[in-house]
Amino acid sequence: MMSYKDEQLSEEKVFKDPVHRYVHVKDQVIWDLIGTPEFQRLRRVKQLGTTYLTFHGAEHSRFNHSLGVYEIVRRILLNFENRPNWNNEERLLCLCAALLHDLGHGPFSHSFEKVFKLDHEDFTRKIVLGDTHVKQILLKVSDDFPQKVADVINKTYEDKLVVSLISSQIDADRMDYLQRDAYFTGVSYGHFDMERILRVMRPMEDQVVIKASGMHAVEDYIMSRYQMYWQVYFHPVTRSAEVILSKILHRAKYLYENNYEFALKPTHFLSFFKGDVKLDDYIRLDEPVVLYYFQMWADEEDSILSDLCVRFSNRHLFKYIEFNPNLQMQEWMELYSLFKDVGIDPEYYLVVDSSSDLPYDFYRPGEEEERLPIHLLMPNQELQELSRLSDVVESISGKKRTDHKLYFPQDFIEALPDDSKEKARIFEILFN
Amino acid sequence: MFELLANHAKLMKFFLASDEITGRKKLQKMIYILKKCEIPFEEKYEFHFYGPYSEELTLRVEELCNLGFISEVKEKKSNYFQYRYKMTSQGEDFLNHSQVDLPVMDEKIALMKEKSSRFLELVSTMLYFDHLSKQEVEEKIQAVKKKQNYNEQDLQEAWDFISDLKVKH
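Every chain is numbered on its own, with residues counted from 1 as its sequence reads. Lettering for chains starts from A, numbering for ligands starts from 1, and both go in the order in which the items are written. Residue-level local features of this predicted model are given only where pLDDT is at least 70; pairs of side-chain atoms are given and counted only at 80 or more, and the full residue set underlies all totals for whole chains, interfaces and linings. Working from all heavy atoms in the structure, the side-chain values ignore hydrogens and water.

S.K.: Could you give me a rundown of the pairing of strand β2 (residues 21-27) of chain A, with the residues and numbers involved?
M.R.: Residues and elements named next belong to chain A. A strand pair is defined by DSSP finding two or more bridges across the two strands. Where helices and strands are cited, they refer to DSSP runs of H or I of at least four residues and of E of at least two residues respectively, numbered from the N terminus. With 6 bridges joining them, strand β1 (residues 8-17) and β2 adopt antiparallel strand pairing. The residue bridging Lys13 from the neighbouring strand is Val25, located in β2. Between β1 and β2, which pair antiparallel in sequence order, lie 3 residues.

S.K.: Which residues make up the packing of aromatic side chains, and what are the values?
M.R.: Planes of paired rings set the category: under 30 degrees apart is stacked, over 60 is edge-to-face and the rest tilted, where pairs are Phe, Tyr or Trp rings (Trp by its six-membered ring) whose centres lie within 6.5 Å. Evaluated as defined, the whole model comprises 43 aromatic pairs over all chains. Ring plane angle 55° and centroid distance 4.8 Å describe the contact between Trp230 of chain A and Phe234 of chain A, whose orientation is recorded as tilted. Taken as a pair, Trp230 of chain A and Phe234 of chain A share a single burial class, namely buried. Consider the ring centre and the ring normal. A charge sits over the ring if Lys NZ or Arg CZ is within 6 Å of that centre and within 35 degrees of that normal. Across from the ring centre of Phe63 of chain A, 3.9 Å away, lies the NZ or CZ of Arg43 of chain A, which sits over that ring. Here the guanidinium or amino end of Arg24 of chain B rests over the ring plane of Tyr83 of chain B, the centre of that ring lying 3.5 Å away. Only protein chains enter the calculation, and the probe is 1.4 Å; a residue is then buried if its accessible area is under 20% of its type maximum, exposed if over 50%, and partly exposed in between.

S.K.: Break down the environment of Glu331 of chain A for me, with residues and values.
M.R.: By secondary structure assignment, the location of Glu331 of chain A is in helix α18 (residues 329-341). Since its relative accessible area comes to 31%, Glu331 of chain A is described here as partly exposed.

S.K.: Run through the packing of helix α7 (residues 134-144) of chain B against helix α8 (residues 152-167) of chain B, naming residues and quoting values.
M.R.: When two helices pack together, their arrangement is captured by the angle between the axes and the distance separating the axes. Residue and element names in this part refer to chain B. Angles here are taken between N-to-C directions and fall from 0 to 180 degrees, while the axes themselves are lines fitted to C-alpha atoms, restricted in helices to the stretch in contact. Interhelical geometry of α7 versus α8 gives an angle of 130° and a closest axis separation of 12 Å. Here α7 is positioned oblique relative to α8, judged by the angle of their axes. Taken as a pair, α7 and α8 cross one another with a handedness that is right-handed. Along its contact with α7, which presents Lys134, Val137, Glu138, Ile141 and Gln142, the element α8 presents Leu155, Gln156 and Trp159. In this count, Pro and Cys sit with the nonpolar residues alongside Ala, Val, Leu, Ile, Met, Phe, Trp and Tyr, while Asp, Glu, Lys and Arg are called charged and the others, Gly among them, polar. Class assignment of the residues belonging to the contact of α7 with α8 gives a composition of 4 nonpolar, 2 polar and 2 charged. Each angle is binned into one of four classes, with values under 35 degrees roughly parallel, values over 145 roughly antiparallel, values of 65 to 115 roughly perpendicular, and all other values oblique. Two helices that cross are described as forming a left-handed crossing if the nearer one is turned anticlockwise from the farther one by less than a right angle, and a right-handed crossing if clockwise. Note on contacts: a residue pair is in contact if any heavy atoms of the two residues lie within 4.5 Å.

In structure tokens:
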């Protein structure tokens, strides 16, 4: 009898996909994993969090993306079959890790992780290794299979080539999200010739490398990554929505800690407020649930919580200015006092947001072994770091672009009495 | 008062205490090891090819350089580049306005500065697996760090170093 790990569906299943055209599934294990409640939950977590408030098309989910990463890895492995350095015994492990790599993402992951000091990777591990449907399926492959999948996702698996397919500077994860995010946001950058990259990928002892003849396709990929970071991921309006979202969570937590009586008991949030989030609590809190609470909290008596929730729901976001914490330190301190004087709580309504608060990563050559760079395989079989050969990549990977923005509710300031000296001074600092 | 750039200020405290840091890899591992010693840095780390690495830390250090709070000097070595970091007078001014409070870490920093980045890579990787037993940690090191060829003596030195760190300030 055929073992579960080798079982194939009697007929191949396909998912229609706007980025890869079709996602193909033939392995019974993959089909079963897709059907688990933990994987289906990813339909209710958006891939780009609050970005839909800036780019209205960006409603795609982590479910879409996870299938996409699986499909890319599947295609890479078709190309790797029978090549030196590749052990096809690792195929199913790669496919499962690709499919499940984002399983632990919660609603609006980034803000939740920051405010409640959580780590989605911990939850991915807990879902793969805990008392879940996913674990039951992985166990049917072999006793040690759940741990192997967790190790690959955690990047601590001993075969680094396997890890590098899903997590490296040119991996299936990035190749999917760049194209998918470009498609759903509707921006024209973010596209690159993935088919070409897949054709020139070669397995080496502990990493995937790119045949030197494919350098220009990789340049395009690096450029699209660069463009997407600045045009989509770092968009100041999205950052404004993130600022408000974080402040809602901070405020709700603060109120809970100070025995505030919520009109609607925040049942789904209690373990988050208490700092003891169990797996079941985590899985139950998806984005529709969070948005339901925001709508209910809009009617709360607490004026700060209510106002922030109305802002988020109605996209009535904070305005922003460029801010230099070095040159404008005194002004910031003065603004802080002025906001207090006029009754606008600066802790919630005067927020400095730095580019490092959204840690999307740029291509870095890894000059001192901080992280592994992209290597090109030369005709003489030597490896060369990408930016040493590509002027395009060299010019953007060395470029440091960081910024800080100051977010504030301009409508609140405008609503202050016209004869208010504080109002005049706030405007002067912000806009002169 | 609500703290402006609190996480940046914490890093500045580190640069103040360390005088000068040579090497990005060393910087990455030192902050990770301090985090594991309960110094409340908030940069998020993930496991990478060369051990724990934080993109957030890399970005924040870039921001500190761009703001003029720390200086970065790039030096060409035989087949790679090396970076040196030091606090500037503007950085000191910034820190004077800050009320961020961190536990004392001077002795820990001094201990780490004496060590190579290769050794700190070993120590930080061992600490990354600190939920495992000693034997499991050593097996994991041999599995994920094959190319670094750490021998028994290196491992023992790293265990002793970790014990030392825990009692230092």
